[in-house]
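Now for the letters of each chain:
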Amino acid sequence: MKLLLKHLIHPFQSAFIAGRSIQDNILVAHEIVRNYHRTTGTPRCTMKIDLRKAYDTVSWKAILITLKKMGFPAIFIGWIELCITSPKFSILINGSPYGYFGAKRGLRQGCPLSPYLFVMVMELLSIIIQKQVDKGVYGLHPRCKITRLTHICFSDDVLVFSKGATNAVATLRRGTMKFSDCSGLQMNQQKTSLFSSAVGDDEIQNILHIMQFLEDKLPVRKDSIWTDWVNKNLIKTRNIWEMHIPSDSSWCWRRVLDQRQIARDMVITILGDGANTSFLHDNWHYKGRLASWMDPSIISEFFPNDTCTVSDFIKNDEWTLASSTDPSIAAIFLEVASTDFLTTEKDKVMWSVSNSGGFSVKDTYNSLFLHGDKVNWSTLVWFKIHIPRHSFITWVTLHGRLKTRDKLLK
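Below, the structure is looked at part by part. (Residues numbered from 1 in each chain as written. Predicted model: local features only at pLDDT ≥ 70, side-chain atom pairs only at ≥ 80, totals over all residues. Heavy atoms only, no water.)

## Comments concerning the overall build of the protein chain
Piece 1. Counting its secondary structure elements, the protein chain contains 18 helices and eleven strands.
Piece 2. Its C-alpha atoms give the protein chain a radius of gyration of 28 Å, clearly above 22 Å, the size a compact globule of 410 residues would have.
Piece 3. C-alpha atoms of the protein chain, sized along the principal axes, occupy 95 × 70 × 55 Å.
Piece 4. The buried share of the protein chain, taken over its 410 residues, is 41%.
Piece 5. Element-wise, carbon and sulfur atoms account for 56% of the exposed surface of the protein chain, whose accessible area totals about 24,900 Å².
Piece 6. The centroid of the 50 positive side-chain charges in the protein chain is displaced by 13 Å from the centroid of its 37 negative side-chain charges. (Helix = DSSP H or I, 4+ residues; strand = E, 2+ residues; numbered from the N terminus. Rg over C-alpha atoms; globule rule 2.2 N^0.38 Å. Buried < 20%, exposed > 50% of the residue type's maximum accessible area, 1.4 Å probe, protein only. Areas by Shrake-Rupley, 256 points an atom, 1.4 Å probe, with all protein chains shown as cover. Lys, Arg positive; Asp, Glu negative; His and termini not counted. Charge placed at Lys NZ, Arg CZ, Asp CG, Glu CD.)

Given below as structure tokens:
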């Protein structure tokens, strides 16, 4: 079930889904709510919805119906039903258990199945809102129209984005009420907030009356869902490696652009047909980007088109570089043409410091920062189910830095 979730769940959810990172949701949320302190512009709203006792109140019927609609076999659904309905509970009084009773709803926190089942129930909200979008009745947030992004989930907390208008919020309200009826999950009105920008006072009051929760203010000073949003809204048709940093960039996007050179040096291209690889500016040659090591006079004379691709210099499965009577230039061209390619395949972009060729935080960190030799007690301190506080105390002790009484007396 864990391996199938990424194929069944909308990209609006990232928690507990293999291959997705909740950091993407955090990053895209930062970008969408940027400049919410402004009073001019297109009216927009963001709602932070907290679900009351989410794990304890989710409907078993909703879980089983969702599993059936997603195509899981009946025998598997029967196993899940047995797992969630058979547990019994007791109450501890003065350390001793009393009573023995069952439940009629909810998931046990700590059960390895619970997060995945909860994610599937939350998919009902995505389906309900998506149907409203498809019918054209949902008012999309101005910064979400291109990607048709409506909400993002952080487990049992949801950020919902919409147009700052009464009719748009009324549509959303109908959707959330329908979700509550289906799933058994209810909004916690005391912990649910509305954030808005460029919405009039009267309109705000109407929206608050419809949703029945309080207005709040954001601390605006400060191929995933995030990369998709950034690509379509911030990068657009520009070259990310060459684009200037906009003066009104969010701190997060500015930090990303500030570190481009580090990332660029780690990105390499394995040539296929060369159609999507810049001849001068992409890192496909073993010596690096041609623009970084080839003499500028050679580039201006023989490669004046700055946007040319590698495929422009390949014909009939052979390199077709210009000829030169200058022996030194001819030697450079020969060196360029020594790179292999395969026109029957597409170019592949690889992360050079990763063992798999894909991006890895661990491999990137290890390449940027030097590490000492691994000590023989590392697994004693740091292991999969370690308690951070205990591990930290043990680590300090093994380094002889724990402030014991005898050390304090010295």
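## A word on the layout of surface pockets
Vacant regions in the atomic arrangement are exposed by a probe of water-molecule size rolled over the atoms.
Piece 1. Of the voids in this model, the second largest pocket is the one considered here, and its volume is about 470 Å³.
Piece 2. Asn 239, Trp 241, Asn 276, Ser 278 and Asp 282 are the residues nearest the centre of the second largest pocket, which is lined by 18 residues in total.
Piece 3. Class assignment for the residues of the lining of the second largest pocket results in four nonpolar, nine polar and five charged. (1 Å grid on protein atoms, 1.4 Å probe; cavity = no way out; pocket = protein on both sides within 12 Å on 5 of 7 lines; lining within 4 Å. Points joined across faces, edges and corners; volume = space filled by probe spheres on them. Nonpolar A, V, L, I, M, F, W, Y, C, P; charged D, E, K, R; others polar.)

## Observations concerning helix α9 (residues 225-235)
Because each turn of an α-helix spans 3.6 residues, side chains separated by three or four positions end up pointing in the same direction.
Piece 1. For α9, the full list of buried residues reads Ile 225, Trp 226, Trp 229, Val 230, Asn 233, Leu 234 and Ile 235.
Piece 2. Where the residues of α9 are buried, they touch α2 (22-32), β4 (151-154) and α10 (251-258). (Contact = heavy atoms within 4.5 Å.)

## Thoughts on the sheet that holds strand β1 (residues 44-50)
Piece 1. Strand order across the open sheet formed by five strands is β4-β5-β1-β6-β7, with mixed pairing between neighbours. This sheet does not close on itself; its edge strands, each paired only once, are β4 and β7 (214-215).
Piece 2. As paired strands, β1 and strand β6 (residues 193-197) are joined by five bridges and run antiparallel to one another. The partner of Cys 45 across the bridge, within β6, is Ser 196.
Piece 3. Across the sheet, α2 lies against β4 and β5 (157-163), angled at about 135° from β4, the strand it touches most.
Piece 4. Lying on the sheet, helix α8 (residues 201-211) is in contact with β1, β6 and β7; it crosses β6 at an angle near 155°. (Pairing = 2+ DSSP bridges. Axes fitted to C-alpha atoms, helices over the stretch in contact; angles between N-to-C directions.)

## Thoughts on empty space enclosed by the protein
Piece 1. Here the largest cavity defines a volume of roughly 50 Å³.
Piece 2. What lines the largest cavity is Ile 49, Leu 51, Met 122, Leu 125, Val 158, Thr 176, Phe 179, Ser 180 and Met 187.
Piece 3. Counting residues per element, the ones that place at least two in the lining of the largest cavity are α6 (114-135) and α7 (166-183).
Piece 4. With three residues, α7 is the largest single contributor of residues to the lining of the largest cavity.

## Comments concerning the state of the cysteines
Piece 1. Following the criterion strictly, the structure yields zero disulfides and no others.
Piece 2. No disulfide involves Cys 111; its nearest neighbouring cysteine sulfur is the one of Cys 83, lying 7.0 Å away.
Piece 3. A relative accessible area of 18% places Cys 111 in the buried class.
Piece 4. Looking at the unpaired Cys 252, the closest cysteine sulfur is the one in Cys 144, lying at 16 Å. (Disulfide = S-S within 2.5 Å.)

## Let's talk about unusual backbone geometry
Piece 1. Phi angles above zero are rare outside glycine, and Lys 53 is one such case at about 40°.
Piece 2. Inspection of the secondary structure assignment puts Lys 53 in the loop between β1 and α3 (54-57).

## A short note on the environment of Glu 31
Piece 1. Inspection of the secondary structure puts Glu 31 in helix α2.
Piece 2. Remark: the alpha-carbon pair of Glu 31 and Arg 143, spanning 112 residues in sequence, is separated by 9.0 Å.
Piece 3. Residues within four places of Glu 31 in sequence aside, it is in contact with Arg 143, Trp 226, Trp 229, Leu 234, Ser 250, Cys 252 and Trp 253.

## Here's the deal with the side chain of Thr 277
Piece 1. Residue placement: Thr 277 occurs in the loop between β8 (267-270) and α12 (290-293).
Piece 2. Among all residues touching Thr 277, those that are not within four sequence positions of it are Thr 269, Leu 271, Asp 282, Trp 284, Cys 308, Thr 309, Val 310 and Asp 347.

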